[in-house]
Amino acid sequence: MKSNLDNIDFKMAAEEEKRLRHDVMAHVHTFGHCCPKAAAIIHLGATSCYVGDNTDLIILRNAFDLLLPKLARVISRLADFAKERAGLPTLGFTHFQAFIITGQTYTRKVDIEVLSVLASLGASVHKICTDIRLLANLKEMEEPFEKQQIGSSAMPYKRNPMRSERCCSLARHLMTLIVDPLQTASVQWFERTLDDSANRRICLAEAFLTADTILNTLQNISEGLVVYPKVIERRIRQELPFMATENIIMAMVKAGGNRQDCHEKIRVLSQQAAAVVKQEGGDNDLIERIQADAYFSPIHSQLDRLLDPSSFTGRASQQVQRFLEEEVYPLLKPYESVMKVKAELCL
């Protein structure tokens, strides 16, 4: 495989993608054609995102490697210019702010940095609360819901996740505020232009007030989240046959099978099982189809083990613990004295 890394038949890859409508699998098949000895194990145990996301990260890293030297050269040239002209008297204004070098005002780039952090917070909160809303729709999880709370004036049964909806709504506003300081900083003439005042008084205050409301609401949500394990367990049972297909492929390859042949066999059976679920309203019978197919006889005795939900979690619990110990708890330590404050919502 290493000796064929650069042996890429791009024409074949394009034809395969047109046929399969899947970019990664198109290259898997193309690589197998160029490297037939490894064709049976290419992409074994991997997902498309494992390939695509890691490729993107490598490209992003390499892209910065291209940009940073250029940025360094620009900074270097400007530094040389500043050093050469440092003693040249010019007409300027300063009000002596905290910064080493400043004009009449502190650089409005500071406002960009501040609102970038708050806008990033808005994006994170929006993602969190959107996921809570989706899980509430699936009845796996809910935000706090008061005993006499009404979810809908027309539909008494509804339990709308109104706190999460509010966070998403406010987070969208918070994210848009980053545009103001970007525009303001870009039009600062020489030392300052006075048209920044009114805009900054609005966007900076609104950003912090919005972030404050969002965090208070999200804290309230996080202090009363409810999980419904039985619903989660039922949905796992419904989807587990599809989830187990990669484990089945892995087991078949260990038993001597070809990864791509096995993938195609399971793809066909999965489509048949999906048709039963979607068109007939029946149960997922994929495992029964696999048990009835002689091709999979080498791993029939392993199916119970391969379908154990606990075997799918991998290192998840250890990763959570490591993340908490290395990333979260050290950041929380300076705020230990304020951790007991509860969040109350008036409305």
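Note that this is a predicted model, so its numbers are computed, not measured. (Residues numbered from 1 in each chain as written. Predicted model: local features only at pLDDT ≥ 70, side-chain atom pairs only at ≥ 80, totals over all residues. Heavy atoms only, no water.)

Regarding the overall build of the chain
Within the chain one finds 13 helices and two strands. Relative to the 2.2 N^0.38 estimate, which gives 20 Å for 347 residues, the radius of gyration of the chain is 29 Å and therefore markedly larger than a compact globule would have. Based on the C-alpha atoms only, the size of the chain along its principal axes is roughly 90 × 65 × 40 Å. By the burial criterion, 28% of the 347 residues in the chain qualify as buried. Restricting to contacts in the chain with at least 6 residues of sequence separation, those with at least 24 account for 68%. (Helix = DSSP H or I, 4+ residues; strand = E, 2+ residues; numbered from the N terminus. Rg over C-alpha atoms; globule rule 2.2 N^0.38 Å. Buried < 20%, exposed > 50% of the residue type's maximum accessible area, 1.4 Å probe, protein only. Contact = heavy atoms within 4.5 Å.)

A word on unusual backbone geometry
Phi is positive for H43, which is not a glycine, with a value near 75°. A positive phi angle is found at K139, which is not glycine, with a value near 65°. Note that K139 resides in the loop between α4 (109-137) and β1 (141-142). The exposure class assigned to K139 is exposed, which follows from its relative accessible area of 55%.

Digging into the domain arrangement of the chain
Each assigned domain of the chain is listed with its residue range as follows: domain 1 (1-46), domain 2 (50-227) and domain 3 (231-312). For domain 2 versus domain 3, the separation of C-alpha centres amounts to 44 Å. (Domains from an automatic or database assignment.)

Quick word on empty space enclosed by the protein
This model, assessed by the stated rule, comprises one cavity of 30 Å³ or more. Of the voids in this model, the largest cavity is the one considered here, and its volume is about 40 Å³. Around the largest cavity sit A136, E142, E143, P144, F145, R159, N160 and P161, which together line it. (1 Å grid on protein atoms, 1.4 Å probe; cavity = no way out; pocket = protein on both sides within 12 Å on 5 of 7 lines; lining within 4 Å. Points joined across faces, edges and corners; volume = space filled by probe spheres on them.)

Concerning the nonpolar core
Counting residues in hydrophobic clusters, the biggest one holds 20 residues, and the most contacted among them are L115, C129 and L174. Every element with two or more residues in this core is listed here: α4, α5 (162-176) and α7 (196-222). Contact partners of L115, with chain neighbours within four places excluded, come to L177, I178, P181, C203, L204 and A207. If you look at the next biggest cluster of nonpolar residues, it comprises 19 residues, including I287, F296, I299 and L306. (Core = buried A, V, L, I, M, F, W, Y, C linked by side-chain atoms within 4.5 Å.)

Notes on the UniProt feature "domain: Adenylosuccinate lyase C-terminal" (unreviewed entry) in the chain
Residues annotated in UniProt with the feature "domain: Adenylosuccinate lyase C-terminal" (unreviewed entry) correspond here to residues 240-324. Secondary structure over residues 240-324 splits into 66% helix and 0% strand, and the C-alpha atoms at its two ends are 29 Å apart. (UniProt positions renumbered as here; feature names shortened; annotations may be inferred.)

Details of the packing of helix α1 (residues 10-20) against helix α2 (residues 23-34)
α2 packs onto α1 with a crossing angle of 135° between their chain directions and a minimal axis gap of 8 Å. Relative to α2, the element α1 is oriented oblique. Remark: the crossing between α1 and α2 carries right-handed chirality. Taking contact as the criterion, the partners of M12, A13, E16, E17, R19 and L20 in α1 are, on α2, D23, M25, A26, H27, H29, T30 and H33. The class makeup of the residues in the contact of α1 with α2 is five nonpolar, four polar and four charged. (Axes fitted to C-alpha atoms, helices over the stretch in contact; angles between N-to-C directions. Parallel < 35°, antiparallel > 145°, perpendicular 65-115°, else oblique. Left-handed = near helix turned anticlockwise from the far one by under 90°. Nonpolar A, V, L, I, M, F, W, Y, C, P; charged D, E, K, R; others polar.)

Focus on the packing of aromatic side chains
Under the defined criterion, the tally for this structure stands at two aromatic pairs. For the pair F99 and Y106, a centre-to-centre distance of 6.4 Å together with 35° between the ring planes defines the contact as tilted. Residue classification places F99 among the partly exposed positions, given a relative accessible area of 42%. Aromatic pair Y295 and F296: ring centres 5.0 Å apart, planes at 90°, arrangement edge-to-face. Take F296: its relative accessible area is 0%, and that puts it in the buried class. The ring centre of Y106 lies 4.8 Å from the NZ or CZ of R108, which sits over that ring. For R159, the ring lying beneath its charged end belongs to F145, and the centroid distance is 4.3 Å. (Phe/Tyr/Trp six-rings, centres within 6.5 Å; stacked < 30°, edge-to-face > 60°. Lys NZ or Arg CZ within 6 Å of the ring centre and 35° of its normal.)

Overview of the pattern of salt bridges
Between side chains of opposite charge, a pair can form as their charged atoms come close. Inspection of every chain in the model, using the stated rule, returns 12 salt bridges. Residue E264 pairs with R267 through a salt bridge whose shortest N-O separation is 2.9 Å. Placement of both E264 and R267 in helix α10 (residues 259-280) is noted, with a separation of three residues, approximately one turn of the helix. A relative accessible area of 37% places E264 in the partly exposed class. Classification of R267 by relative accessible area gives partly exposed; the value is 39%. The partner of D285 in a salt bridge is R289, with the nearest N and O atoms 3.0 Å apart. (Salt bridge = Lys/Arg side-chain N within 4 Å of Asp/Glu carboxyl O.)

As for a nonpolar patch on the surface
Together, Y329, L332, Y335, V338, M339 and V341 make up an exposed nonpolar region whose accessible area comes to about 590 Å². Mapped onto the elements, L332 comes out in helix α13 (residues 316-332). (Patch = residues over 30% accessible without salt bridge, like charges linked within 9 Å, V, L, I, M, F, W, Y side chains within 5 Å. Areas by Shrake-Rupley, 256 points an atom, 1.4 Å probe, with all protein chains shown as cover.)

Quick word on α13
Residue pairs three or four apart in sequence face the same way in an α-helix, which turns once every 3.6 residues. In this model, α13 (17 residues) spans 22 Å end to end at C-alpha, consistent with the 24 Å of a helix rising 1.5 Å per residue. Where α13 bends most, at L324, the angle is about 40°. (Expected span 1.5 Å × (residues − 1). Bend = angle between axes of the 7 residues up to and from the residue.)

Focus: the packing of helix α6 (residues 179-186) against α7
It is at 10 Å that the axes of α6 and α7 come closest, and there the two elements cross at 160°. Of the possible angle classes, the one that applies to α6 and α7 is roughly antiparallel. The element α6 and its partner α7 pack so that their crossing is left-handed. Taken together, the residues of α7 that come into contact with α6 (itself represented by D180, P181 and T184) are D196, N199, R200 and C203. For the contact of α6 with α7, the per-class residue count stands at two nonpolar, two polar and three charged.

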